[in-house]
Amino acid sequence: MAPSASSPASIGVTGLAVMGRNLARNFARNGYTVAVHNRTPARTRSLIEEFGHEGSFVPAEKPEEFVAALERPRRLVVMVKAGEPTDAVIDEFVPLLDAGDIVIDGGNAHFEDTRRREAALRERGIHFVGTGVSGGEEGALHGPSVMPGGSAEAYAAVGPMLEKISAHVDGEPCCTHIGPDGAGHFVKMVHNGIEYADMQLIAEAYDLLRRAAGRGPAQIADIFRRWNTGMLNSYLIEITAEVLAHTDRETGTPFVDVVADAAEQKGTGRWTVQTALDVGAPVPGIAEAVFARSLSGHTDLRAAARRLPGPQKPALTGQDADRLVDRVEQALYASKIVSYAQGWNMIQTAADQFGWDIDLGAVARIWRGGCIIRAGFLDEIRSAYAAEPGLPTLLADEEFARRLGEAQDAWRAVVATAAERSIPTPGFATSLAYYDGLRADRLPAALVQAQRDYFGAHTYRRVDREGTFHTEWSGDRSETRR
Ligand SMILES: NC(=O)C1=CN([C@@H]2O[C@H](COP(=O)(O)OP(=O)(O)OC[C@H]3O[C@@H](n4cnc5c(N)ncnc54)[C@H](OP(=O)(O)O)[C@@H]3O)[C@@H](O)[C@H]2O)C=CC1
Ligand SMILES: O=C(CO)[C@H](O)[C@H](O)COP(=O)(O)O
């Protein structure tokens, strides 16, 4: 492969599938000389053939050539499949690197893997920057949201470049130093968890508009377009309108009707829920979204249950249907805010446990552009944390509390309508339950504690005095302090 640049490369990208290829182009378009490498050289060749004219590239077939092309300290972006392939690439390249070099893993790595890799490379004096990258293929090319984690020293060496290629909103880069070791990949994982919840809520809104309000896909596309100009303004609402307006070329029917209704996943949503359980952060909106995908894929269970009884109600018409459309907009907004609040709470909970000092307002700032969950209200989330950095939950912010208060009647009506009409809305329902659960003066958890004490002497605390207690349920029911 003939190099197209003779100067040393400022940065290298190995792994040139959809993401790595476009990230490499993004660096080159921003004036950097970029060394490019891929396990299968055909990808490197095709990048140079198709896009070599866009900037300064140094194609390399062998790892040794790739590393030799980089200026020191070397900056090397790994953009390959997460998991074992990432370890394989690190194992292959690290022996070729020197102390002070910086390995940037831009894949969707599990944050625990990133912690392990960061510690292992630190022992050799090599910096490891576990970096969340969001925005898909287009974002990688035109400006993703970038979430780097690692040492401050490493960020000083790569941060300016990552900031330059990131999306910019109001002149500010959608990239910030998230925190040490696995913090960047943790935040990216939660981003994807919120992405799952957001997509599920939008899908439920579509289902309600179609089956309860009697609107067709093209009409719903118009509704989503209108919503996108208001409080729901976001990338996911925008692309949903595009998808719903699309007609299948082969059959002439709405595209959404020819897609099999079994949602798949690569796993970051599942990781979010598993990790939420580990750190003790309640994220039911994200969990329901993961389980909704799982349920949709269980065609065996669905076939077995199809004949179970349910109500048969025709779609609403006239003003009733119009009213439902407006209510779904309110319910969608409220449920989205709850999902985002759960995500932020999870980041804060983990940050406390892992000793990461994460700026929650900065997370909102860098998610305003480039990433899949970019939305108008991220500016308001940023303002909420700017006004009160220690905000215990986003829902407690005065402005969000006011908006949720305004939306709650519609939200409750939508959940009730869905239940009456057998339209599953696990996302809307669990978000409302979370909202009511947090605002309740008293929860039935008291009864759960009493039950636990009854069958297992698990003890309970009392509302009227300090200490831990047990009642002798099988004896005289006297209470002892434990
Ligand atoms: N696609 C997306 O929208 C997003 C993806 N990501 C993450 O970015 C990373 C790259 O994603 P994407 O571009 O979609 O590509 P894939 O996840 O499909 O990975 C393909 C790349 O990994 C390389 N690879 C796989 N196994 C090995 C191995 N054992 N040794 C060396 N290289 C290997 C492939 O090389 P070869 O060509 O030789 O097979 C190819 O370059 C992933 O971690 C993904 O999770 C992050 C954000 C968005
Ligand atoms: O990281 C991403 C965007 O931020 C990917 O789009 C995400 O991995 C897609 O996830 P899944 O395949 O599980 O729906």
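Looking up the protein chain in an unreviewed UniProt entry gives the name 6-phosphogluconate dehydrogenase, decarboxylating, with the organism given as Streptomyces cuspidosporus. Here is the UniProt Sequence similarities (unreviewed entry) comment for the protein chain, exactly as written: "Belongs to the 6-phosphogluconate dehydrogenase family."

Caption draft 1: Spotlight on the overall build of the protein chain. Across its full length, the protein chain holds 20 helices and 11 strands. Taking 482 residues into account, the globule formula puts the C-alpha radius of gyration at 23 Å, and the protein chain, at 25 Å, falls close to it. Across the 482 residues that make up the protein chain, the buried fraction comes to 51%. Here the contacts in the protein chain between residues at least 6 apart in sequence split such that 67% fall between residues at least 24 apart. Accessible surface, the protein chain as shown: approximately 22300 Å² in total, 50% of it carbon and sulfur.

Caption draft 2: Representation of unusual backbone geometry in the model. R72 connects to P73 through a cis peptide bond whose omega is -10°. With respect to the helices, strands and loops of the structure, P73 is situated in the loop between α3 (63-68) and β4 (75-78). In this structure, A457 takes a positive phi of about 50° despite not being glycine. Here A457 shows up in the loop between α20 (445-456) and β10 (469-471). Unlike most non-glycine residues, T459 shows phi in positive territory, near 70°. Secondary-structure assignment places T459 in the loop between α20 and β10.

Caption draft 3: Representation of the site of ligand 1 within the structure. The local shell around ligand 1 holds 20 residues, among which M19, N38, T40, R43 and V80 are the closest. T40 places a side-chain nitrogen or oxygen 2.5 Å from an oxygen atom of ligand 1. Within the backbone of V80, an N or O atom sits 2.8 Å from an oxygen atom of ligand 1. When ligand 1 sits alone it has 880 Å² of accessible area, and the protein chains cover 80% of it.

Caption draft 4: Seen up close, the layout of surface pockets. By volume, the second largest pocket amounts to about 320 Å³. As for the second largest pocket, its lining consists of R442, A445, A446, Q449, Y460, R461, R462, V463 and D464. The class makeup of the residues in the lining of the second largest pocket is four nonpolar, one polar and four charged.

Caption draft 5: Spatial organisation of helix α4 (residues 84-93). Taken as a whole, α4 has its buried residues at T86, V89, I90 and F93. The arc that holds the buried residues of α4, viewed along the axis, is 100°, so those residues lie on one side. Turned more than 90 degrees away from the buried face of α4 sit E84 and D91, all of them exposed.

Caption draft 6: Structural view of the UniProt feature "domain: 6-phosphogluconate dehydrogenase C-terminal" (unreviewed entry) in the protein chain. If you check UniProt for "domain: 6-phosphogluconate dehydrogenase C-terminal" (unreviewed entry), the listed places come out as residues 184-474 in our numbering. Helix makes up 65% of residues 184-474 and strand 1%, with an end-to-end C-alpha separation of 52 Å.

Caption draft 7: Geometry of the pairing of strand β6 (residues 127-134). Counting buried residues in β6 gives eight out of eight residues, a clear majority hidden from the surface. Covered by surrounding structure in β6 are H127, V129, T131 and V133 together with F128, G130, G132 and S134, the residues of both alternating faces. Where strand β5 (residues 102-105) lies against β6, four bridges are found, and the strand directions are parallel. Pairing of I104 across the sheet is with V129, part of β6. Both β6 and strand β7 (residues 145-149) contribute to a ladder of five bridges, which runs antiparallel.

Caption draft 8: How the structure looks around empty space enclosed by the protein. Inspection of the entire model under this criterion finds one cavity of 30 Å³ or more. Approximately 60 Å³ is the volume attributed to the largest cavity. Lining the largest cavity, in full, are L23, F27, V77, I104, G106, T131, V133, V146, L162 and I165. Sorting the residues of the lining of the largest cavity by element identifies α1 (18-29), β6 and α7 (152-165) as the ones contributing at least two each. Looking at the lining of the largest cavity, its residues break down into eight nonpolar, two polar and no charged.

Caption draft 9: Up close: the pattern of salt bridges. A full pass over the atoms with the stated rule returns 35 salt bridges. Across the pair E54 and R25 runs a salt bridge whose closest N-O atoms are separated by 2.7 Å. Linking E54 in the loop between α2 (41-51) and β3 (56-59) with R25 in helix α1, this pair joins segments that are 29 residues apart in sequence. Overall, R25 belongs to the buried group, its relative accessible area being 7%.

Caption draft 10: Inspection of the site of ligand 2 at higher detail. Taken together, the neighbourhood of ligand 2 is formed by N108, S134, K188, H191, N192, E195, Y196, Q265, K266, G267, R293 and I372. Y196 is positioned such that a nitrogen or oxygen atom in its side chain is 2.4 Å from an oxygen atom of ligand 2. When isolated, ligand 2 has an accessible area of 370 Å², and the protein chains bury 76% of it. Per element, the largest residue contribution to the shell around ligand 2 is five residues, and it comes from helix α8 (residues 183-211). Residue composition of the shell around ligand 2, by class: two nonpolar, six polar and four charged.

Caption draft 11: Structural context of the pairing of β3. Here strand β2 (residues 33-37) pairs with β3 via four bridges, running parallel. Bridge pairing in β3 links A35 to V58. Chirality of the crossover, the property in question, places the unit of β2, α2 and β3 among those that are right-handed.

The rules behind each value
Residues numbered from 1 in each chain as written. Chains lettered and ligands numbered in written order. Predicted model: local features only at pLDDT ≥ 70, side-chain atom pairs only at ≥ 80, totals over all residues. Heavy atoms only, no water. UniProt positions renumbered as here; feature names shortened; annotations may be inferred. Helix = DSSP H or I, 4+ residues; strand = E, 2+ residues; numbered from the N terminus. Rg over C-alpha atoms; globule rule 2.2 N^0.38 Å. Buried < 20%, exposed > 50% of the residue type's maximum accessible area, 1.4 Å probe, protein only. Contact = heavy atoms within 4.5 Å. Areas by Shrake-Rupley, 256 points an atom, 1.4 Å probe, with all protein chains shown as cover. Near = heavy atom within 4 Å. Polar contact = N/O pair within 3.5 Å; in protein donor to acceptor, adjacent residues only side chain to side chain. 1 Å grid on protein atoms, 1.4 Å probe; cavity = no way out; pocket = protein on both sides within 12 Å on 5 of 7 lines; lining within 4 Å. Points joined across faces, edges and corners; volume = space filled by probe spheres on them. Nonpolar A, V, L, I, M, F, W, Y, C, P; charged D, E, K, R; others polar. Arc of directions from axis to C-beta. Pairing = 2+ DSSP bridges. Salt bridge = Lys/Arg side-chain N within 4 Å of Asp/Glu carboxyl O. Right-handed = clockwise from strand over helix to strand, strands pointing away.

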